[in-house]
Each structure stands twice: as structure tokens, then as C-alpha cells.
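# Coordinates in review
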Amino acid sequence: MAIEKGTIKVVWVTRNTRRIHSRMFEKVEEAEKFGKSKKDYLIFRLLWHKKFQTFSWEIMPYGNYRLYRAALGFYYKHKGKKEIIERIFRV
């Protein structure tokens, strides 16, 4: 299995909610330009990895990062109330 080279990851979604897509870059400027062409995107910076098997990423302030953080914050705040989460997200 190949790993893309780079420390900046652009992640974007399409209508297929079962998948995410990503591409690696060395520079944030290149990643942002590419991300904007995808519309619904996030940019992460690699913090560390263990033998290219486990990775830690930091979300950067580009793309839909505010929505992503707000949604996760809401989820963690209310995850004990399963019926609220299911009603809002229709799951």
C-alpha cells in the first residue's frame, strides 16, 4: 500500500456519504487552492505518525472547519441523549 507524500492533507466529500477523499501537499497555500476547487473540504496538518500506521492530525482554519468543529462539539455535548442525535441527524 502506498502513502502519499506530504504533511498537509485536504479532505473533501461528495454526495456519496460513505466515502471521503484526500490528497496530500507540502504547502498550505497549494492545499487551500486545491481545496477551494472541491467546495466541501477540510485541511489537516500532520502532527505525528507511528511507523506510517497510526497518524495524528490537527484541523486547520480552512474550508468548512467551523461547521465540522461545531457538529462534533454538539455531538459530544449530547451524545448521552441518543434520541436527540438521531432526530437531528435522522439516523
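My aim in this report is to walk through the structure given alongside it, one point at a time.

How each quantity is defined
Residues numbered from 1 in each chain as written. Predicted model: local features only at pLDDT ≥ 70, side-chain atom pairs only at ≥ 80, totals over all residues. Heavy atoms only, no water. Phe/Tyr/Trp six-rings, centres within 6.5 Å; stacked < 30°, edge-to-face > 60°. Buried < 20%, exposed > 50% of the residue type's maximum accessible area, 1.4 Å probe, protein only. Lys NZ or Arg CZ within 6 Å of the ring centre and 35° of its normal. Pairing = 2+ DSSP bridges. Helix = DSSP H or I, 4+ residues; strand = E, 2+ residues; numbered from the N terminus. Axes fitted to C-alpha atoms, helices over the stretch in contact; angles between N-to-C directions. Contact = heavy atoms within 4.5 Å. 1 Å grid on protein atoms, 1.4 Å probe; cavity = no way out; pocket = protein on both sides within 12 Å on 5 of 7 lines; lining within 4 Å. Points joined across faces, edges and corners; volume = space filled by probe spheres on them. Nonpolar A, V, L, I, M, F, W, Y, C, P; charged D, E, K, R; others polar.

Remark: the centre distance and the inter-plane angle together describe each pair of aromatic rings, the angle taken between the planes. Summed over all chains, the structure comprises five aromatic pairs. Here the aromatic rings of Phe25 and Phe34 are separated by 5.5 Å at their centres, their planes lie at 45°, and the arrangement is tilted. Of the two residues, Phe25 and Phe34, both sit in the buried class. Ring pairs connect the aromatic residues Trp12, Phe25 and Phe34, which therefore count as one cluster. Above the plane of the ring of Phe34 lies Arg23, whose end atom (NZ or CZ) is 4.7 Å from the centre.

Attention now goes to the sheet that holds strand 3 (residues 41-50). Strands sit in the order 2-1-3-4 across an open sheet of four strands; the sheet is antiparallel. With one partner strand each, in any of the chains shown, strand 2 (21-25) and strand 4 (54-59) form the two edges of the open sheet. Averaged over all pairs of adjacent strands, the angle between strand axes in this sheet comes to 35°, irrespective of strand direction. The sheet contact formed by strand 1 (residues 8-12) and strand 3 spans five bridges and is antiparallel. Directly across from Trp12, in strand 3, lies its bridge partner Tyr41. Strands in contact with helix 1 (residues 28-38) are strand 1, strand 2 and strand 3; relative to strand 1, the strand with the most contacts, it is inclined by about 5°.

Right, let's talk about the layout of surface pockets for a bit. Empty space within the largest pocket amounts to approximately 500 Å³. Lining the largest pocket we find 15 residues, and of these Val13, Leu42, Leu67, Tyr68 and Ala71 sit closest to its centre. Looking at the lining of the largest pocket, the elements with two or more residues in it are strand 1, strand 3 and helix 2 (65-78). Looking at the lining of the largest pocket, the element that brings in the most residues is helix 2, giving four residues. For the lining of the largest pocket, the class distribution of residues is ten nonpolar, three polar and two charged.

Interpretation note: all reported values are geometric properties and have no functional meaning in isolation.
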